[in-house]
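Structural description and commentary
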Amino acid sequence: MGNMRNSGTPIAGMAVDAAGLYCAPGDFHIDPTRPVARAIITHGHADHARPGHGAVLATPDTIAILKTRLGEDAAGSFQALPYGEPLGLGGVTLRLAPAGHILGSAQVVIDHKGARAVVSGDYKLDPDPTAVPSELVRCHLFVTEATFGLPVFRHEPVREEIGKLLTSVGANADRTHLIGAYGLGKTQRLIALLRAAGFDRPIWLHGANAALCQLYQARGIDLGALAHVSEATSKLPGEIVFSPPSALSDRWSRRLTEPLTAFASGWMRVRARARQKGVELPLVISDHCDWPGLITTIAATGAEDIWVTHGREEALVHQIGLMGMRGRALALIGYEENEGE
Amino acid sequence: MKAFANLLDRLSYSPSRNAKLRLMRDYFRHTPDPDRGWALAVLTSGLPFSFPLRRTLMDMMTRRMDPELFRLSRDYVGDTAETIALMWDAPLPARDMAGTGAASTMDPEPAGQTPPPPAAAEVAPSLRLSEVVEELALVGRNELAPRLEGWLDQLDATGRWALLKLLTGALRVGVSARLAKAAVAELADLGVDEIEEIWHALTPPYQSLFAWLEGRGPKPDVGEALVFRPLMLSHPLEAADWAALDLAQFAAEWKWDGIRVQVAAGNGAVKLFSRTGEDISSAFPDLVDKWHFDAVLDGELLVVRDGQVAPFNDLQQRLNRKRVSKREMEQFPAHVRLYDALALDGEDLRQLPLLTRRVHLDAWFSQRRPACSDLSELIGLADKAQLQQLWSQTRATGIEGIMLKRRDSGYVAGRPKGLWWKWKRAPLTLDCVLMYAQRGSGKRSSYYSDYTFGAWRTNASGAAELVPVGKAYFGFTDKELLEIDRWVRTHTIESFGPVRAVQPELVFEVAFDAVQKSTRHKSGVAMRFPRIHRIRWDKPGAEADRLETLLAMLEAPGS
């Protein structure tokens, strides 16, 4: 990888240490994988938001998610920073920009001595009624993930995938559609997309999905009528049930009528992956960027240096080189390679 | 093309028969002619042409894609055609994509919304399956590449995948020709046999068939065509049936260990059909080329050398292939042992009683003496005790069992109750140890219901080890399934996706019809029709049977 080299001076003070991404002049980590004194959390997924930090700064929605998932005392203190508001911190000015990944997800924009770094966390460009659309921020250093960093990954238009699901529900009124989806973000997005497509019957939830759906609703996102599978008086033929992926083929599903299992993830694009899961209806819907999304975003930031945190870095760094930019694979440990599992 | 691609896509992920039937029926109902007819052709007999694509595809890829990105993608996906289908329209790397905004002239204000990614290739509604098939029938090998490239440009990822599958001729979506015909039959609430009876008189794209099923046209005229007539099938003989059976009403025959076939001949042509109506004539020129008669006969396809029936394994060398070499015909000579006649010299005999049909068949056979065939003898028998005695010797004589047919039975298509019985030889059994359990599908998706079991052997270093000898997913009750499922969950050593390796402690008494040599299995042998006969909760795993015991059960050649 001949084009993988560091620029002489750190851009906006950004560096990598044992806990992950660190900004020295501001003295804070971003999404650290071990407890630190000061952390900026991009979004509420478990691999980015861990308990035990001293002070945590995040968007108000992310803080609400953290408290629901990890408890009120998950950090020493919380500071909420709405999208777009500048904040001076040590020698740097920072602000949070929408990332479009899930409710509250943010990119961290750091300005220091005329140079700008953007740490995007996880982001996507596809439509999502439950998240503020991602904002393109031009910068010198862009830090991106590469979960779907191969040209074979292209997410299908969500409207078509939802259409596929609704067609299947219509054709199989005697079976329960059991959808495995990540409990934070993906589940709520799919429910909102089903509502937007006109599905207005109650949607049934596995117990593990209830609290976060409630939180979304409390924060003003309309998910329509939700019900708990544990309170169902029938085996729910013809209905849609959401469960965590781990419960798809669990004994729990025996309470449903000949479940037709669906799974929503960017991985479903690859047949071997979908078959390995044993799903009958793979839905290629993701909360991450697909390949075209990654490379158009990277190009549009205008950055000369691109750091790739985790995922399929090899192909993306190669592509970045072909585009005439400097790519660097950080290979950070601790971020999930698996979307939705 | 889109509807067809979606059908193949959904079929490939739907494990249950009913789900597949439903998908195909809905497709045939909502898709216009002639596309649905071509789809039916693809799902049944396949298209009359196939193209070697490897070279063509590799050439296209090197022109269109960065080799390193293709290599990384191919490694990840694991299948060349699928990789190409997925990355066909991936954006090409372009140096000028970074735009003019170098960082030094960076606008300090946010640049607003990210522009949407390049639009996915529009799926041309105009590209139809029939268009593709009709053009393929005309294009020469050299014209294929540009044509293919044009189609790939018009399709989405699923469409491209389906097109490449279509061209290579290997669908692998788990649909048999019979299942596809059953789906078609459901358009008019008919049984699949009614389709089989006219099938071989029809040609793609089957417009007359769909017209008839939708009440827009007459039943297609079979005319002089050699068609398959659905077979009369038997029921397994259970203990209660045996007790109630009045032997005086029945004729007995040996149950030969081959495959059931129907010979249809007339007007100078001969066809050999499998039990499900598949035309297998092309693989048996050593039979059909020698026959010149007008008849529809029912019999057993065997390999026979010097009047001796060879083991089933020999016959298998001749099955599931389109062509056969001279050497194979010499090494595994085909033969048909006849036991019934549906028609002779243009006269339909199906209404006549069995024994009357046999009289006609015997007379016809002694007159014509067709090559590579003989008659299945009727067993003269006095009483049940004697028959029982004969049955108990079937395994030793290499015969699969005994058939009991009512003397007065007409030839009734399907599986009528009480007319024909099959009394298979007693199964072999072996005590095996459960090694792996896999989750089932559909109703069984939350149960570990598919079992791989092994027998003990001593390895090179002298230690005892289990070697897999078979796989079974039936033979147990729902209640037993629940118990095994619970046991699997509490005795797991390791999980691989839907499969769990378990502690070598649960013994199954496995019943099977026979054991054959196999190069595809680590143990070197394969069981025929294995099923779980009993669960030996009482027996310690270490006391299960050894591989040597199974090897001793191998069928001796020529027995």
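Residues numbered from 1 in each chain as written. Chains lettered and ligands numbered in written order. Predicted model: local features only at pLDDT ≥ 70, side-chain atom pairs only at ≥ 80, totals over all residues.

**Remarks on the overall build of chain A**
Summing up its helical and strand segments, chain A has seven helices and 19 strands in all. Relative to the 2.2 N^0.38 estimate, which gives 20 Å for 341 residues, the radius of gyration of chain A is 20 Å and therefore close to what a compact globule would have. Overall, chain A is about 65 × 45 × 30 Å in size when its C-alpha atoms are taken along their principal axes. By residue count, 59% of the 341 residues in chain A fall in the buried class. Sequence-distant contacts, at least 24 apart, represent 60% of the contacts inside chain A between residues at least 6 apart. (Helix = DSSP H or I, 4+ residues; strand = E, 2+ residues; numbered from the N terminus. Rg over C-alpha atoms; globule rule 2.2 N^0.38 Å. Buried ≥ 20, exposed ≤ 12 C-beta atoms within 10 Å, placed from the backbone. Contact = placed C-beta atoms within 7 Å.)

**Some points on the overall build of chain B**
For chain B, the count of helices and strands is 20 helices and 21 strands. Projected onto the principal axes, the alpha-carbon positions of chain B cover approximately 105 × 65 × 45 Å. Counting all 559 residues of chain B, 35% fall into the buried class. Long-range pairs, those at least 24 residues apart, make up 69% of the contacts in chain B with a sequence separation of at least 6.

**As for the sheet that holds strand β12 (residues 177-180) of chain A**
Residue and element names in this part refer to chain A. With parallel pairing, six strands are arranged side by side in an open sheet as β14-β13-β15-β12-β16-β17. Unpaired on one side and paired on the other, β14 (226-228) and β17 (281-283) mark the two borders of the sheet. Within this sheet the neighbouring strands show an average axis-to-axis angle of 30°, counted without direction. Contacting β12, β15 (240-243), β16 (260-264) and β17, helix α2 (residues 158-171) runs over the sheet at an angle of about 160° to β17. (Pairing = 2+ DSSP bridges. Axes fitted to C-alpha atoms, helices over the stretch in contact; angles between N-to-C directions.)

**Observations concerning α2 of chain A**
Residues and elements named next belong to chain A. The end-to-end C-alpha separation of α2 is 20 Å, in line with the 20 Å expected for 14 residues at 1.5 Å each. Within the span of α2, buried status applies to V158, E161, I162, L165, S168 and V169. The buried residues of α2 occupy an angular sector of 120° when the element is viewed end-on, so they sit on one face. Projecting away from the buried face of α2 at angles above 90 degrees are the exposed residues R159, G163 and G170. Against β12, α3 (186-196), β15, β16 and β17 lie the buried residues of α2. (Expected span 1.5 Å × (residues − 1). Arc of directions from axis to C-beta.)

**A word on the nonpolar core**
The tendency in soluble globular proteins is for nonpolar side chains to be buried as a group. Ranked by internal contacts, the top residues of the largest apolar core, which has 242 residues, are A117, L141 and A262 of chain A. In terms of residue count, the dominant contributor to this core is strand β7 (residues 334-344) of chain B (eight residues). If sequence neighbours within four positions are ignored, A117 of chain A has contacts with I11, A12, M14, I110, C139, H140, L141 and V143 of chain A. (Core = buried A, V, L, I, M, F, W, Y, C linked by C-beta atoms within 7 Å.)

**Comments concerning the domain arrangement of chain A**
All names here are of chain A. Looking at chain A, the domain boundaries give domain 1 (11-152 + 287-329) and domain 2 (158-283). Spacing between the C-alpha centres of domain 1 and domain 2 amounts to 29 Å. In this assembly, 19 residues from domain 1 lie in contact with 18 residues from domain 2. Tallied by class, the residues present in the side of domain 1 that touches domain 2 amount to eight nonpolar, six polar and five charged. (Domains from an automatic or database assignment. Nonpolar A, V, L, I, M, F, W, Y, C, P; charged D, E, K, R; others polar.)

**Some words on the sheet that holds strand β1 (residues 235-236) of chain B**
Residues and elements named next belong to chain B. Spatial strand order, β1-β12-β11-β2-β10: five strands in an open sheet with mixed pairing. Of all the strands in the sheet, the pair left with one neighbour each is β1 and β10 (378-379). The pairing of strand β2 (residues 250-255) with β10 spans two bridges and is classified as antiparallel. Bridge pairing in β10 links E253 to L378. Docked against the sheet, helix α18 (residues 384-392) engages β2, β10, β11 (401-406) and β12 (420-424), running at close to 140° with respect to β11.

**Concerning the domain arrangement of chain B**
Here the domain parsing of chain B yields domain 1 (235-424) and domain 2 (428-551). When each unit is reduced to the centre of its C-alpha atoms, the spacing between domain 1 of chain B and domain 2 of chain B is 35 Å.

**Side note on the confidence of the model for chain B**
Residue and element names in this part refer to chain B. Scored by pLDDT, chain B has a mean of 89; 93% of the residues are at 70 or more. The low-confidence segment residues 95-124, where pLDDT is below 50, has 58 contacts with residues more than four positions distant or belonging to other chains. We note a pTM of 0.82 for the whole complex and an ipTM of 0.91 for its interfaces. (pLDDT = per-residue confidence, 0-100.)

**Some details on the pairing of strand β14 (residues 448-458) of chain B**
Here is the key point about a regular strand: its side chains alternate between the two faces of the sheet. Residue and element names in this part refer to chain B. Sheet analysis places strand β13 (residues 428-439) next to β14, joined by six bridges and oriented antiparallel. In the strand pairing of β14, V433 is matched with G454. Pairing of β14 with strand β15 (residues 464-472) involves eight bridges; the strand directions are antiparallel. Counted as the bridge partner of W456 is L466 from β15. Counted along the chain from β14 to the antiparallel partner β15, the turn is five residues long, and its residue G462 has a positive phi close to 85°.

**Description of unusual backbone geometry**
Residue and element names in this part refer to chain B. Looking along the chain, the bond that leaves D33 and enters P34 is cis, with omega of -5°. One can find P34 in the loop between α2 (17-30) and α3 (35-44). Of note, the amide linkage connecting P204 to P205 takes the cis form, showing an omega dihedral of 5°. Look at R172: it is not a glycine, yet its phi comes out positive at around 50°. Looking at the secondary structure, you find R172 in the loop between α9 (157-168) and α10 (177-185).

**A few points about α3 of chain B**
All names here are of chain B. Burial within α3 is extensive, with ten of its ten residues counted as buried. Every buried residue of α3 is accounted for by D35, R36, G37, W38, A39, L40, A41, V42, L43 and T44. Those residues of α3 that are buried are in contact with α1 (2-13), α2, α7 (129-138), α9, α10 and α12 (207-213).

**Structural notes on the environment of L322 of chain A**
All names here are of chain A. Mapped onto the fold, L322 is located in helix α7 (residues 313-322). Judged by local crowding, L322 falls into the partly exposed class, with 18 C-beta atoms found within 10 Å. A C-alpha to C-alpha distance of 43 Å links L322 and L260, two positions 62 residues apart in sequence.

**Observations concerning the pairing of strand β19 (residues 326-329) of chain A**
All names here are of chain A. Direction of pairing for strand β18 (residues 305-311) relative to β19: parallel, over a ladder of four bridges. In the strand pairing of β19, D305 is matched with R326. With α7 bridging β18 and its parallel neighbour β19, the resulting β-α-β unit is right-handed. (Right-handed = clockwise from strand over helix to strand, strands pointing away.)

**Details of the environment of W487 of chain B**
All names here are of chain B. Among the structural elements, W487 can be located in helix α19 (residues 478-490). A residue is classified by how many C-beta atoms lie within 10 Å of it, and W487, with 19 of them, is partly exposed. In this structure the C-alpha to C-alpha distance between W487 and R147, which are 340 residues apart in sequence, comes to 56 Å.

**Examining the environment of Y436 of chain B**
All names here are of chain B. As for its position among the elements, Y436 is in strand β13. With 18 residues separating them along the chain, Y436 and G454 place their C-alpha atoms 9.3 Å apart. Ignoring any residue separated from it by four or fewer positions in sequence, one finds Y436 in contact with T452, V499, R500 and A501.

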